[in-house]
Amino acid sequence: MNTDLTVGKPAAVLWKFCLPLFGSVLFQQLYNIADSFVAGKFINNDALAAVGNSYEITLIFIAFAFGCNIGCSVIVSQLFGAKRMKEMKTAVYTGLIASGVLCAFLMLIGFAGSSRLLGLIRTPDNIFADSELYLRIYILSLPFVFYYNVATGIFSALGDSRTPFLFLARSSVTNIGMDILFVAGFHMGVAGVAWATLLCQGVSCILAILVVFRKFRHIETTGKIPVFSWRLLGRIAVIAVPSILQQSFISIGNIIIQSVINSFGSSVIAGYSASVKLNNMVITSLTTLANGVSNYTAQNLGAQKPARIKAGFLAGIKLVWILCLPLMILYTFFGRYLVYVFLDSPTGSAMDAGVMFLRIVAPFYFVVAAKLVSDGVHRGSGRMGPFMAGTFSDLLLRVVLAIVLSGTAFGSTGIWMSWPIGWTIATVISLAFNFAYFKKIGSSENRSGQAD
């Protein structure tokens, strides 16, 4: 069901819209968690390290898919909020075409450069072959990754967060079963993990695209709908390109950090691979909720109701902080049990590295949550400069500090310490820009009221 986010109490509207998004991203994270779980439990720690090592490179491709999602979603939200339905459909078709072209280009780059990328991050010899195998199969799934991301962005733009949740709930549970079948039943090793994920993503993508077009049949428009618009592509690109750059540079930064981690050996790699999956589940969940704030902001901006944006921002902060509290407690005090889900031994250097990572970063989830919601307002309002400023500050600090601190007595623990420092400074920057924006909105509203 399509939902107009420009009417109703902001807090109630945002909560109703964002909670299914949160459920969706939890199931989406089950894809990666299932891969790591099956690799670590049914194969060995080297297989877990190989999947985790390749995962950092796959995040570069995901960054482009995420950018397409955000660019299309924000523009479609604005047009939906303004009730310009014919132009909205053209924006969707334009986004789908552009995403397909970009995906094809990235697949060529991926197949040609996968081995070189793994070499650049100093992948240990004992996991190199499995890392490359997993990565190459993942690259085959890129069309499904791209089009599924665009489809979910369209659902969110129309105020429908329930449909993606239903798709992901079914496909993620199926993926776990297929992972175990291919690895434990067919003894396909790391390749089985990758093929199971590809098949489940493929089914979800096809169904999601079909539902998008079915929704469009119920949105009435007159006249022929153009299937491509350079003007709308430009508008999408204004949002998508900074988002792609943000995610890409974060991924590149993570790859640099991964190369530093790799110098500590496969045990630390395995521990990090387990704990970073748990961490990414939280960050991705918070980012998805922030995307909901972007859709809310974009719809209200399109409907010329800027005064509702600050209320939505405050409601978004409350929402993510409520969700952060149990996750912070769980990771900080019970992280050992969670990391053991992925490892084949409850003791050792892999376990110690994973637990230490979670204990250092988890208390700062409240900080990064505030930044991500603030970034959601930046994106939804089309202010990509402030969005980039906070993101690159975080990235630069984390990379530099990871390199510097890893060479001190802190060792691998020094790498984990770079996360909270980068998050804190970036949050201050992002919030400062948004408070200035809210002050500007308030001044404009006051002037309009006086004029009336």
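Every chain begins its residue count from 1, and numbering advances along the sequence as written. Per-residue local features are limited, in this predicted model, to residues with pLDDT of at least 70; the limit for side-chain atom pairs, both in listing and counting, is 80 or more; totals at the level of whole chains, interfaces and linings are taken over all residues. The side-chain values count all of the structure's non-hydrogen atoms but skip hydrogen atoms and water molecules.

A short note on the overall build of the chain
Moving on, step 1. When helices and strands are counted, the chain shows 14 helices and zero strands.
Moving on, step 2. Ordered by position in the sequence, the α and β elements of the chain form the string α-α-α-α-α-α-α-α-α-α-α-α-α-α.
Moving on, step 3. Throughout, the radius of gyration refers to the C-alpha atoms, and the reference size of a globule is 2.2 Å times the residue count to the power 0.38. For the chain, the C-alpha radius of gyration of 22 Å lies close to 22 Å, the compact-globule estimate for 452 residues.
Moving on, step 4. The dimensions of the chain, computed from C-alpha atoms along their principal axes, are 70 × 45 × 35 Å.
Moving on, step 5. Categorising residues by exposure relies on relative accessible area from a 1.4 Å probe, with only protein chains included: less than 20% of the type maximum marks a residue as buried, more than 50% marks it as exposed, and the intermediate range marks it as partly exposed. By residue count, 59% of the 452 residues in the chain fall in the buried class.
Moving on, step 6. Any two residues whose heavy atoms approach within 4.5 Å are treated as being in contact. In the chain, 84% of the contacts between residues at least 6 apart in sequence involve partners at least 24 apart.
Moving on, step 7. To measure how exposed things are, a 1.4 Å probe is used in the Shrake-Rupley method; for residues, cover is taken only from the protein chains shown. Just so you have it, the chain exposes about 17,500 Å², and 69% of that area is on carbon and sulfur atoms.
Moving on, step 8. Charge assignment: positive for Lys and Arg, negative for Asp and Glu; neither His nor the chain ends contribute. By convention, the charge on Lys lies at NZ, on Arg at CZ, on Asp at CG and on Glu at CD. For the chain, the distance from the average site of its 32 positive side-chain charges to the average site of its 17 negative ones is 12 Å. Secondary structure elements follow DSSP: runs of H or I of four or more residues count as helices, runs of E of two or more count as strands, with numbering from the N terminus.

Structural notes on the state of the cysteines
Disulfide: a covalent bond connecting the sulfur atoms of a pair of cysteines.
Moving on, step 1. We call a pair of cysteine sulfur atoms a disulfide when they lie within 2.5 Å. According to the stated counting rule, one finds zero disulfides in the structure shown.
Moving on, step 2. In this model Cys 103 remains outside any disulfide bridge; the closest cysteine sulfur is found in Cys 68, 8.9 Å from its own.

Focus: the nonpolar core
Moving on, step 1. With 69 residues, the main nonpolar core has Tyr 365, Trp 416 and Trp 419 as its most contacted residues.
Moving on, step 2. With 15 residues, the single largest contributor to this core is helix α9 (residues 266-302).
Moving on, step 3. Leave out the neighbours within four places in its chain, and Trp 416 touches Ile 261, Val 268, Tyr 272, Ala 353, Met 356, Phe 357, Ile 360 and Val 361.
Moving on, step 4. Counting 56 residues, the second-largest nonpolar core is a separate cluster that includes Cys 103, Leu 168, Ile 209 and Ile 219. By convention a nonpolar core is built from buried Ala, Val, Leu, Ile, Met, Phe, Trp, Tyr and Cys residues, the set being connected through side-chain atoms within 4.5 Å.

What to know about the pattern of salt bridges
Moving on, step 1. We define a salt bridge as a side-chain nitrogen of Lys or Arg found within 4 Å of a carboxyl oxygen belonging to Asp or Glu. This model, assessed by the stated rule, comprises seven salt bridges.
Moving on, step 2. For the salt bridge of Glu 132 with Arg 136, the shortest nitrogen-to-oxygen distance reads 3.5 Å. On the criterion of helical spacing, the pair formed by Glu 132 and Arg 136 is a turn pair, its members being four residues apart in helix α4 (residues 125-140).
Moving on, step 3. In this structure Arg 136 comes out as partly exposed when scored by relative accessible area, which is 32%.
Moving on, step 4. A salt bridge links Arg 398 to Asp 394; the nearest nitrogen and oxygen atoms lie 3.0 Å apart.

A word on the environment of Val 101
Moving on, step 1. Relative to the helices and strands, Val 101 resides in helix α3 (residues 85-120).
Moving on, step 2. What makes Val 101 exposed here is its relative accessible area of 59%.
Moving on, step 3. Sequence separation between Val 101 and Leu 59 is 42 residues, and the spatial gap between their C-alpha atoms is 19 Å.

Quick look at the packing of helix α6 (residues 162-185) against helix α7 (residues 189-217)
Moving on, step 1. An axis is simply a line fitted to the C-alpha atoms; with a helix, the fit covers only the stretch in contact. Between two such axes, the angle follows the N-to-C directions and lies from 0 to 180 degrees. Between α6 and α7, the shortest axis-to-axis distance is 8 Å and the interhelical angle comes to 160 degrees. Between α6 and α7, the crossing angle belongs to the class labelled roughly antiparallel. The element α6 and its partner α7 pack so that their crossing is right-handed.
Moving on, step 2. Nonpolar residues are Ala, Val, Leu, Ile, Met, Phe, Trp, Tyr, Cys and Pro. Charged residues are Asp, Glu, Lys and Arg, and all others, Gly as well, are polar. Considering only residue class, the contact of α6 with α7 consists of 12 nonpolar, eight polar and two charged. Small angles under 35 degrees read as roughly parallel and large ones over 145 as roughly antiparallel, with 65 to 115 read as roughly perpendicular and the rest as oblique. Rotating anticlockwise by less than a right angle from the far helix to the near helix defines a left-handed crossing, while the corresponding clockwise rotation defines a right-handed one.

Things to note about the confidence of the model for the chain
Moving on, step 1. Per-residue pLDDT for the chain averages 84, and the proportion of residues at 70 or more is 94%.
Moving on, step 2. One confidence number per residue, pLDDT, is output by the predictor and ranges from 0 to 100. Least confident of the elements in the chain is helix α1 (residues 10-43), whose mean pLDDT is 73; most confident is helix α12 (residues 365-380), at 91.

What about the packing of aromatic side chains?
Moving on, step 1. Under the pairing criterion, centres of Phe, Tyr and Trp rings, with the six-membered ring standing for Trp, must be within 6.5 Å; the plane angle then separates stacked pairs below 30 degrees from edge-to-face pairs above 60, leaving the rest tilted. Applying the stated rule across the entire model yields 14 aromatic pairs.
Moving on, step 2. Seen in terms of ring centroids, Tyr 272 and Trp 416 are 5.4 Å apart; in terms of plane orientation they differ by 0 degrees. Their pairing is stacked. A residue pair is termed long-range when its members are at least 10 positions apart, and Tyr 272 in helix α9 and Trp 416 in helix α14 (residues 412-451) qualify at 144 residues.
Moving on, step 3. Classification of Trp 416 as buried rests on a relative accessible area of 0%.
Moving on, step 4. Both rings, one in Phe 313 and one in Phe 438, keep their centres 5.2 Å apart while their planes meet at 50 degrees; by these two values the pair is tilted. Taken together, the residues span a long stretch of sequence, with Phe 313 in helix α10 (residues 307-340) and Phe 438 in helix α14 at a distance of 125 residues. Phe 438 shares its class with Phe 313; the two are buried.
Moving on, step 5. By the ring-pair criterion, three or more aromatic residues cluster together here, those being Tyr 272, Phe 357, Trp 416 and Trp 419.
Moving on, step 6. Cation over ring: Lys 83 sits above Phe 80, and NZ or CZ is 5.3 Å from the ring centre.
Moving on, step 7. Charge over a ring is defined by NZ of Lys or CZ of Arg lying within 6 Å of the ring centre and within 35 degrees of the ring normal. The cationic tip of Arg 383 hangs over the ring face of Tyr 437; the distance from NZ or CZ to the ring centre is 3.7 Å.

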